[in-house]
Amino acid sequence: MLAFRDFPGHVRLMLLTARSRLRAHEIEQINALVAGESDRTPIDWQGFLAVTAHHRLSPLVFESLDQVRPAGLPDFVREQLQRRARVNAFEAMRSTGEVRRIAEKFTDAGIELSVLKGVPLSQFLFGNPNTRHVGDIDLLTEPSRLPEQIAALAGLGYVRINPTSRLTPHRIASYVNFWKDFTFQNRDAGFELDLHWRLFNNRFHAANRIVTEGHYETVTAFGVPMRVFSPIDQFIYIAAHGVLDAWTYLKSLADVSGFLRLFTPDELDQALLRAKELGLLGQLSGAIHLCNEWMGAGIANPHLIPADEPVARRIRERTTTMLLRQNFKPNRSYASPAQWLRLEIDLVPGLRSLTEIARRFVWRPRVWAAVDLPDELFWCYPILGLLLLPRHHSAED
């Protein structure tokens, strides 16, 4: 397990500046690192720009550096980060406007949407809708009226890109059963949208209970009210999402760190008890221990599961391995299907979960695209799924 001191200087600087509500000793560390007082070798500034871009932390890092203004920060680094932050601010406004446009269309049809992560999370965590990197739009809906929702999105200029195969009633029912979302793209406007009906593909992942058992509230950004999970449920979901992704992008770890710096001790107690109730205490504890080591969280709580607990330890080891193997810029598709299978079994153990994973393997939508059978022969697809092996781990495979 890499300790913070083991990272090269440019990665340590990223981890320091990717923290909200900087503390005095962290500001001192940033100043010393930029000035070259704490390292024998100077900062690799091109490497710093590369890792902050990869981990989708540029806006948050720029905000911290703009606050601290350390002596010795090269002008080209500040200017590049400032350009990225400005582009991100523009995209945050565009994304919020698009969420409003979609929500109005769905509301007219009597369909309720919630926003996962995104701009409202940035507004809540950092008090600024621009601070968190803007990526895809993630919306949560009910799966009961999906054909109607697909048609509504088509009317708004969206084309379905995952799955790409023709949809039929049997295929929609199967997809909803084994997968968590459809992906759409609006090529003219430049938006990609994931329409979720649950949070994780595996129906038995404990975090999926948040959708039906969780609490919701409204966060307003750029004057647009958006329905979101309550802070505690959002915190647990973000941590579970980062764990399953093995922190491919450390943006999620910065989110967890942001929650930890925002929560009161009572709120953190409530979150840990809620995670225990859901069966997610191990995953949340693993995320918090990683924040303690890499993000200076400093959390010591009697409800936490120890850092050497097997699943939490394996998660941290895998995260470290991916960072080192790929020069601190891990790729989600690098891992083999066998590696992802082991991780999912670690996180969702039991025979029921293993059976679910096996069934999802043979009902892959890519098989529908390769062999386009009528619904009357839909029962043949598990056989074909065994014959057509996946190319690599992806959302569709």
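So, here is what we can say about the structure in this document. (Residues numbered from 1 in each chain as written. Predicted model: local features only at pLDDT ≥ 70, side-chain atom pairs only at ≥ 80, totals over all residues. Heavy atoms only, no water.)

Re helix H10 (residues 231-244)
- The end-to-end C-alpha distance of H10, which contains 14 residues, comes to 20 Å, matching closely the 20 Å that a straight helix rising 1.5 Å per residue would cover.
- Counting buried residues along H10, twelve of its 14 residues qualify, which places the element largely inside the surrounding structure.
- Buried within H10 are the following residues: Pro231, Ile232, Asp233, Gln234, Phe235, Ile236, Tyr237, Ile238, Ala239, Ala240, Gly242 and Val243.
- Note on H10: the residue one or two positions beyond its end, Ala246, has a positive phi of about 55 degrees. (Helix = DSSP H or I, 4+ residues; strand = E, 2+ residues; numbered from the N terminus. Expected span 1.5 Å × (residues − 1). Buried < 20%, exposed > 50% of the residue type's maximum accessible area, 1.4 Å probe, protein only.)

Things to note about the environment of Gly242
- Tracing the chain through its elements places Gly242 in helix H10.
- Sequence spacing of Gly242 and Asp255 is 13 residues, and the spatial spacing of their C-alpha atoms is 9.5 Å.
- With sequence-adjacent residues up to four places away left out, Gly242 is seen in contact with Trp247 and Ser252. (Contact = heavy atoms within 4.5 Å.)

Details of the nonpolar core
- Core analysis: the largest hydrophobic core is formed by 81 residues, its most contacted members being Phe235 and Trp294.
- Counting residues in each nonpolar core, the second largest holds 42 residues, with Leu156, Phe178, Val219 and Leu384 among its members. (Core = buried A, V, L, I, M, F, W, Y, C linked by side-chain atoms within 4.5 Å.)

Here's the deal with the pattern of salt bridges
- In this structure the tally under the stated criterion is 19 salt bridges.
- With its nearest N and O atoms 2.5 Å apart, the salt bridge here joins Arg261 to Glu26. Taken as a pair, Arg261 in helix H11 (residues 251-262) and Glu26 in helix H2 (residues 24-35) lie far apart in primary sequence, 235 residues in all. Across the pair, exposure class does not vary: Arg261 and Glu26 are buried alike.
- For the salt bridge of Glu277 with Arg274, the shortest nitrogen-to-oxygen distance reads 3.3 Å. (Salt bridge = Lys/Arg side-chain N within 4 Å of Asp/Glu carboxyl O.)

Thoughts on unusual backbone geometry
- Backbone torsion omega between Asn162 and Pro163 reads 0 degrees, so that peptide bond is classified as cis.
- Of note, Pro163 is situated in the loop between strand S3 (159-162) and helix H8 (169-178).
- Non-glycine residue Arg21 carries a positive phi angle of around 55 degrees.
- With respect to the element layout, Arg21 can be found in the loop between helix H1 (9-17) and H2.
- Residue classification places Arg21 among the partly exposed positions, given a relative accessible area of 40%.
- Unlike most non-glycine residues, Ala246 shows phi in positive territory, near 55 degrees.
- Relative to the elements of secondary structure, Ala246 occurs in the loop between H10 and H11.

Examining the packing of H1 against helix H3 (residues 45-54)
- Viewed as axis vectors pointing N to C, H1 and H3 meet at an angle of 45 degrees, and their least axial separation amounts to 8 Å. Taken together, the axes of H1 and H3 are oblique relative to one another. Read as a crossing pair, H1 and H3 show a hand that is right-handed. Across the interface between the two elements, His10, Leu13, Met14 and Thr17 from H1 touch Trp45, Gly47, Phe48, Val51 and Thr52 from H3.
- Across the contact of H1 with H3, the residue classes break down as five nonpolar, four polar and no charged. (Axes fitted to C-alpha atoms, helices over the stretch in contact; angles between N-to-C directions. Parallel < 35°, antiparallel > 145°, perpendicular 65-115°, else oblique. Left-handed = near helix turned anticlockwise from the far one by under 90°. Nonpolar A, V, L, I, M, F, W, Y, C, P; charged D, E, K, R; others polar.)

A look at the pairing of strand S2 (residues 137-140)
- Alternating residues of S2 divide into Ile137 and Leu139 and Asp138 and Leu140, and every residue in both groups is buried.
- Pairing of strand S1 (residues 114-115) with S2 involves two bridges; the strand directions are antiparallel. Bridging across to S2, Val115 finds its partner in Leu139.
- Pairing of S2 with strand S5 (residues 191-196), which is carried by four bridges, proceeds in the parallel orientation. From the neighbouring strand, Ile137 faces S5, where its bridge partner is Leu193. (Pairing = 2+ DSSP bridges.)

What to know about the environment of Phe4
- The topology assignment puts Phe4 in the segment before H1.
- Here Phe4 falls in the buried class, since its relative accessible area comes to 16%.
- Each C-alpha atom of the pair Phe4 and Asn301 lies 21 Å from the other, and the pair is 297 residues apart in sequence.
- Residue contacts for Phe4: discarding those within four places in its chain leaves Arg12, Leu15, Leu16, Arg19, Gln29, Glu293 and Trp294.

Digging into the pairing of S5
- Within S5, five of the six residues are buried, which leaves it mostly tucked inside the rest of the structure.
- Pairing of strand S4 (residues 181-186) with S5, which is carried by six bridges, proceeds in the antiparallel orientation. Bridging from a neighbouring strand, Phe182 pairs with Leu195 of S5.
- Connecting S4 to the antiparallel partner S5 that follows it, the hairpin turn spans four residues, and Gly190 within it adopts a positive phi of roughly 80 degrees.

Concerning a nonpolar patch on the surface
- Taken together, the side chains of Leu377, Trp379, Ile383, Leu387 and Leu388 present a nonpolar region at the surface, about 520 Å² in accessible area.
- Relative to the assigned elements, Leu377 resides in the loop between helix H17 (365-370) and helix H18 (381-387).
- The partly exposed category is assigned to Leu377, whose relative accessible area is 34%. (Patch = residues over 30% accessible without salt bridge, like charges linked within 9 Å, V, L, I, M, F, W, Y side chains within 5 Å. Areas by Shrake-Rupley, 256 points an atom, 1.4 Å probe, with all protein chains shown as cover.)

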